[in-house]
Amino acid sequence: KAVALTEMPILIKDLRAPTEEDFMTAARADGLILKLLKNPSIKIVNECLKQTGEALQFVESPTTEQIKLAFLNDPFSYKHLKAPTDANKEFAVRQDGLVIQLIENPSEPLQLLAVKNKPSALAMIKHPTRKAQVLAIREDGLSIEHVKDPDEDLQLLAIDSSEQGLAYRYIDTPTPAV
């Protein structure tokens, strides 16, 4: 039975009286099996979240610990939170700066965290602050590509921060000093 559940976890729904161990075997094989389970134990829910952050969508009221388990596995599971807290946002962005694209009107501290984590996250921020632009470019000069009409200071920073001045090719209208 355990081998069958490992290979085909969906078989859990066909068992007459599945045990906690049967549920655990199925959860270890496929965390999305959570969708089929009625009133799973916290232990089973947590195992499903360890397998895939996408299982978060099937958790009615996730605890802080369950949200962290999901984000550690897949930070983009953030999208399944109905009412994310500031702490949820920060934890997800710490795991992957690109999660910033899922956050509406991110605060400046969140923008800074995102671009520090991954400078290319600047491209995912609709209205980046000046500080976020500067930090992204300082971390990776090629991030200038994601700044619309960069001023001379940003252009010079990009040239200085990129290997062999490669950022120059991303500056559409360089200023005379560049």
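Residues numbered from 1 in each chain as written. Predicted model: local features only at pLDDT ≥ 70, side-chain atom pairs only at ≥ 80, totals over all residues. Heavy atoms only, no water.

Colleague: Even after reading the chapter, I still don't get the pattern of salt bridges, so can you show me in this structure?
Modeller: Any two side chains of opposite charge can pair if their charged atoms end up close together. Under the counting rule described, the total for this entry stands at 8 salt bridges. Where E54 meets K79, a salt bridge forms, and the shortest distance between an N and an O atom there is 3.1 Å. Placement of E54 in the loop between α3 (42-51) and α4 (64-73) and of K79 in the loop between α4 and α5 (86-95) is noted, with a sequence separation of 25 residues between them. A salt bridge links E108 to K131; the nearest nitrogen and oxygen atoms lie 3.9 Å apart. Pair noted here: E108 is in helix α6 (residues 108-117) and K131 is in helix α7 (residues 130-139), with a separation of 23 residues, a long-range link. Given the relative accessible area of 28%, E108 is considered partly exposed. Judged by its relative accessible area of 52%, K131 is exposed. (Salt bridge = Lys/Arg side-chain N within 4 Å of Asp/Glu carboxyl O. Helix = DSSP H or I, 4+ residues; strand = E, 2+ residues; numbered from the N terminus. Buried < 20%, exposed > 50% of the residue type's maximum accessible area, 1.4 Å probe, protein only.)

Colleague: How do you make sense of α7 when you look at a structure like this?
Modeller: Helical geometry: 3.6 residues make up each α-helical turn, so side chains three or four residues apart lie on a common side. Turning to α7, its buried residues are A132, Q133, V134, L135, A136 and I137. Contacts from the buried residues of α7 go to α6 and α8 (152-161). (Contact = heavy atoms within 4.5 Å.)

Colleague: Would you mind going over the packing of α4 against α5 with me for this structure?
Modeller: Each pair of packed helices can be summarised by the angle the axes make with each other and by the distance between the axes. For the pair α4 and α5, interaxial distance at closest approach is 9 Å and the crossing angle is 25°. By the angle between their directions, the pair α4 and α5 is classed as roughly parallel. With respect to the hand of their crossing, α4 and α5 are arranged in right-handed fashion. Of α5, the residues touching α4 (which contributes I67, K68, F71 and L72) are N88, F91, A92 and Q95. Residues that form the contact of α4 with α5 fall into these classes: 5 nonpolar, 2 polar and 1 charged. (Axes fitted to C-alpha atoms, helices over the stretch in contact; angles between N-to-C directions. Parallel < 35°, antiparallel > 145°, perpendicular 65-115°, else oblique. Left-handed = near helix turned anticlockwise from the far one by under 90°. Nonpolar A, V, L, I, M, F, W, Y, C, P; charged D, E, K, R; others polar.)

Colleague: I would appreciate a short explanation of the nonpolar core in the present structure.
Modeller: As a rule of thumb, soluble globular proteins bury nonpolar side chains together. By size, the foremost hydrophobic cluster in this structure holds 45 residues, and its most contacted members are L49, F71 and V93. Listed by contribution, the elements that provide at least two residues to this core are α2 (20-29), α3, α4, α5, α6, α7 and α8. If we ignore the near neighbours within four places in the chain, the residues touching L49 are A55, L56, V59, Q66, L69, A70 and N73. (Core = buried A, V, L, I, M, F, W, Y, C linked by side-chain atoms within 4.5 Å.)

Colleague: How should I be thinking about the packing of α6 against α7 in this particular structure?
Modeller: Axis separation between α6 and α7 bottoms out at 9 Å; the angle between their running directions is 10°. Viewed along their axes, α6 and α7 adopt a mutual orientation that is roughly parallel. Here α6 contributes E108, Q111, L112, V115 and K116 to the contact with α7, which in turn contributes K131, A132, L135, A136 and E139. Along the lines of polarity and charge, the residues of the contact of α6 with α7 split into 5 nonpolar, 1 polar and 4 charged.

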